[in-house]
Amino acid sequence: MKQSHPEVVKGAKDALDKYGNGLSSVRFICGTQDIHKELEEKISKFHEREDAILYACCFDANTGLFEVLLGPDDALYCILADLEEKLKEAEGSRMKLIVTDGVFSMDGKVAPLNEICDLADKYGALTFIDECHATGFLGATGRGTEEYLNCKGRVDIINSTLGKALGGAAGGYTTGPKQLIQMLRQKSRPYLFSNTLPPPVVGGASKVRNLIRPW
């Protein structure tokens with residue numbers, strides 16, 4: 001297991017010794033240290049996206065995204081059997097966002113991402129996947145559902161966790177276009193009003209990234 005790998009444990013201990021158990025602050029005050037920025041860069045490179053933002057957990061990443069991105073004039077769709085019909089009905093919406101898990105944890109089913117992305121392209125929708133049960137597990141290099149289904153780069157926004165395959169402790173993130181990530185840093189309440197991710201968690205997760213792909 002990655003969480004008990006000696007390098008991961010050492011990374012957590014080294015961060016604990018250098019930065020302490022926590023930073024007693026949110027990111028925009030004194031909660032952003034070099035290790036946080038380095039991990040965000042590793043995450044965005046791993047997923048081959050422009051930028052990434054860390055959260056205390058993926059639940060925070062999900063709530064922080066939707067409240068910032070969507071408004072009353074937008075259309076939000078979870079994966080549906082009649083997805084195309086719903087997209088047709090939303091032609092007047094400011095934004096259309098298709099939301100799905102990459103892998104559904106209760107039954108292990110994999111979302112049909114290629115078909116979803118085809119419909120998104122056809123109807124001008126954005127795509128979002130929660131990869132908590134795929135990152136580090138699926139695909140030849142652990143990049144998740146996109147890699148597993150050979151549709152890398154087609155999904156607009158990816159959220160995932162550091163609390164499973166990528167360290168097993170805590171933490172979540174959003175990765176995607178730089179403009180979106182910059183907006184989340186300014187407006188996402190779980191990011192703005194929660195203490196920064198503890199240094200030992202960041203140090204351990206960063207080592208996991210190194211083990212998956214040396215930098």
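Residues numbered from 1 in each chain as written. Predicted model: local features only at pLDDT ≥ 70, side-chain atom pairs only at ≥ 80, totals over all residues. Heavy atoms only, no water.

Note the following rule: UniProt positions are given in the numbering used here, feature names are shortened, and annotations may be inferred rather than shown by experiment.
If you check an unreviewed UniProt entry, the chain appears there as 2-amino-3-ketobutyrate coenzyme A ligase from Acropora cervicornis. Word for word, the UniProt comment on the chain under Cofactor (unreviewed entry) is "pyridoxal 5'-phosphate". Regarding the chain, the UniProt comment filed under Sequence similarities (unreviewed entry) reads as follows: "Belongs to the class-II pyridoxal-phosphate-dependent aminotransferase family."

1. Things to note about the sheet that holds strand β2 (residues 75–78)
Our working rule: Note on pairing: DSSP must find at least two bridges between two strands before they are called paired. Secondary structure elements follow DSSP: runs of H or I of four or more residues count as helices, runs of E of two or more count as strands, with numbering from the N terminus. Where helices are involved, their axes are fitted lines through C-alpha atoms of the stretch in contact, as for all axes, and angles between N-to-C directions lie from 0 to 180°.
Strands sit in the order β1-β6-β5-β4-β3-β2 across an open sheet of six strands; the sheet is mixed. The open sheet is flanked by β1 (51–55) and β2, the only strands paired with a single partner. In this sheet, neighbouring strand axes are inclined to one another by 20 degrees on average, regardless of whether the strands run parallel or antiparallel. Bridge count between strand β4 (residues 126–130) and strand β5 (residues 157–161): three bridges; the pairing is parallel.

2. With respect to the UniProt feature "domain: Aminotransferase class I/classII large" (unreviewed entry) in the chain
The UniProt feature table records "domain: Aminotransferase class I/classII large" (unreviewed entry) at residues 6–75 and 80–207. Here residues 6–75 runs as 64% helix and 9% strand, with 46 Å between its end C-alpha atoms. Between the C-alpha atoms that bound residues 80–207 there is a distance of 38 Å. The span itself is 35% helix and 16% strand.

3. Brief notes about unusual backbone geometry
In the Ramachandran plot, Ser 24 falls in the positive-phi region, its phi being about 55 degrees despite a non-glycine side chain. Secondary-structure assignment places Ser 24 in the loop between α1 (6–19) and α2 (27–31). Even without being a glycine, Glu 48 presents a positive backbone phi close to 60 degrees. Among the structural elements, Glu 48 can be located in the loop between α3 (34–47) and β1.

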